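Fold and contact review
Take a look at the letters that make up each chain.
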Amino acid sequence: MHAPGPQVDDHMAVDEAFSVLIGARVPYLLLRDEDGRCAGLVTRAQLAAHRGGSWYSDLTRLRDLSLDRGPFTSSVAVLSEAETAMRNRTLDVSPVVDEHGYALGVLALTV
C-alpha cells in the first residue's frame with residue numbers, strides 16, 4: 001500500500017485537477033466528497049481522455065466524469081481477496097479506506 005497522495009474535492013474542474021496531477025508528478029488523484037470521504041480515484045489517462053472529447057467544456061467537474069466510485073478496498077481486507085477483487089474489476093489501483101470511508105492509502109497491483 002502506498003500513501004494516499006494528493007486528494008482533491010470532487011467538485012474541482014477537470015483542468016484544475018489535471019494541473020494538480022501534473023504539478024504533483026503523480027499518476028492519479030484521490031477524490032473527496034463534501035465530507036472529506038473518499039469519492040473515487042482519477043488517473044492521468046482518464047483526465048486526458050475527457051479533455052480531448054468533443055463533449056468537453058472547461059466547466060466539467062470531476063464528479064461529472066464516469067469513474068470508479070467503489071466499493072473501495074477496506075483497511076481490514078485480506079490482501080489476496082483485495083487483489084482478486086481489483087483484477088476482477090480490471091483496476092490497477094484502488095483506494096484503501098477506513099470504516100468511515102476516509103482514504104488511508106492506495107493499493108496498487110504489480111505486474
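Quick caveat: nothing in here was measured; it's all calculated off a predicted structure. For every chain, the first residue of the written sequence is number 1, and numbering continues from 1 onward in sequence order. In keeping with the predicted nature of the model, local features appear solely for residues at pLDDT of at least 70, side-chain atom pairs appear and are counted solely at 80 or more, and the whole-chain, interface and lining totals rest on all residues. Here the side-chain values reflect all heavy atoms present in the structure, with hydrogen atoms and water set aside.

Describing the pattern of salt bridges
In what follows, salt bridge is the name for a side-chain nitrogen of Lys or Arg lying within 4 Å of a carboxyl oxygen of Asp or Glu. The full count for this structure, using the stated rule, is three salt bridges. Its salt-bridge partner being aspartate 35, residue arginine 37 comes within 3.5 Å of it at the nearest N-O pair. The exposure class assigned to arginine 37 is partly exposed, which follows from its relative accessible area of 30%. Here arginine 87 and glutamate 83 are joined by a salt bridge, their closest N and O atoms 2.9 Å apart. You can see arginine 87 and its partner glutamate 83 sitting in helix H3 (residues 79-88), four residues apart, about one turn around the helix. Throughout this description, buried means an accessible area under 20% of the type-specific maximum (1.4 Å probe, protein chains only), exposed means over 50%, and partly exposed covers the range between. Classification of glutamate 83 as partly exposed rests on a relative accessible area of 33%. Secondary structure counts use DSSP, requiring at least four H or I residues in a row for a helix and at least two E residues in a row for a strand, with both numbered from the N terminus.

Comments concerning the nonpolar core
Throughout, nonpolar core names a set of buried Ala, Val, Leu, Ile, Met, Phe, Trp, Tyr and Cys residues whose side chains join them through atoms within 4.5 Å. Among the nonpolar cores identified, the biggest contains 15 residues, and Leu29, Leu31, Val42, Leu47 and Leu62 are the most heavily contacted of them. Sorting the residues of this core by element identifies helix H1 (14-24), strand S2 (28-32) and strand S3 (38-43) as the ones contributing at least two each. It is H1 that contributes the most residues to this core, four residues altogether. When neighbours within four sequence positions are excluded, leucine 62 is seen to be in contact with Val8, Asp9, Asp10, Met12, Val14, Ala17, Leu31, Val42, Leu47, Leu67 and Arg69. If you look at the next biggest cluster of nonpolar residues, it comprises nine residues, including Cys38, Leu41, Phe72 and Val106. Between two residues, a contact is recorded if the distance between any of their heavy atoms is within 4.5 Å.

Describing the environment of glycine 70
Looking at the secondary structure, you find glycine 70 in the loop between helix H2 (44-51) and strand S4 (73-74). Counting along the chain gives 32 residues from glycine 70 to cysteine 38, while the straight-line C-alpha distance between them is 9.2 Å.

Re the environment of valine 97
Structurally, valine 97 can be placed in strand S5 (residues 93-97). Among the residues examined, valine 97 registers a relative accessible area of 10% and is labelled buried. For the pair valine 97 and cysteine 38, spaced 59 residues apart in sequence, the C-alpha separation works out to 7.3 Å.

Describing the sheet that holds S3
Taken in spatial order, the three strands line up as S1-S2-S3 in an open sheet, and their pairing is mixed. Strands with a single pairing partner mark the edges of an open sheet, and in this sheet they are strand S1 (7-9) and S3. Averaged over all pairs of adjacent strands, the angle between their axes in this sheet comes to 35 degrees, without regard to strand direction. Here three bridges tie S1 to S2, and the two strands are oriented parallel to one another. Note on S2: the bridge partner recorded for aspartate 9 is arginine 32. At least two bridges found by DSSP between two strands are what make those strands a pair. Here the axes come from fitting lines to C-alpha atoms, over the contacting stretch only for helices, and the angles between their N-to-C directions go from 0 to 180 degrees.

Section: the side chain of serine 94
You can see serine 94 is positioned in strand S5. Excluding its chain neighbours within four sequence positions, the residues that come into contact with serine 94 are Phe72, Thr73, Met86, Gly105, Val106 and Leu107.

All we've got here are geometric facts, nothing functional implied.
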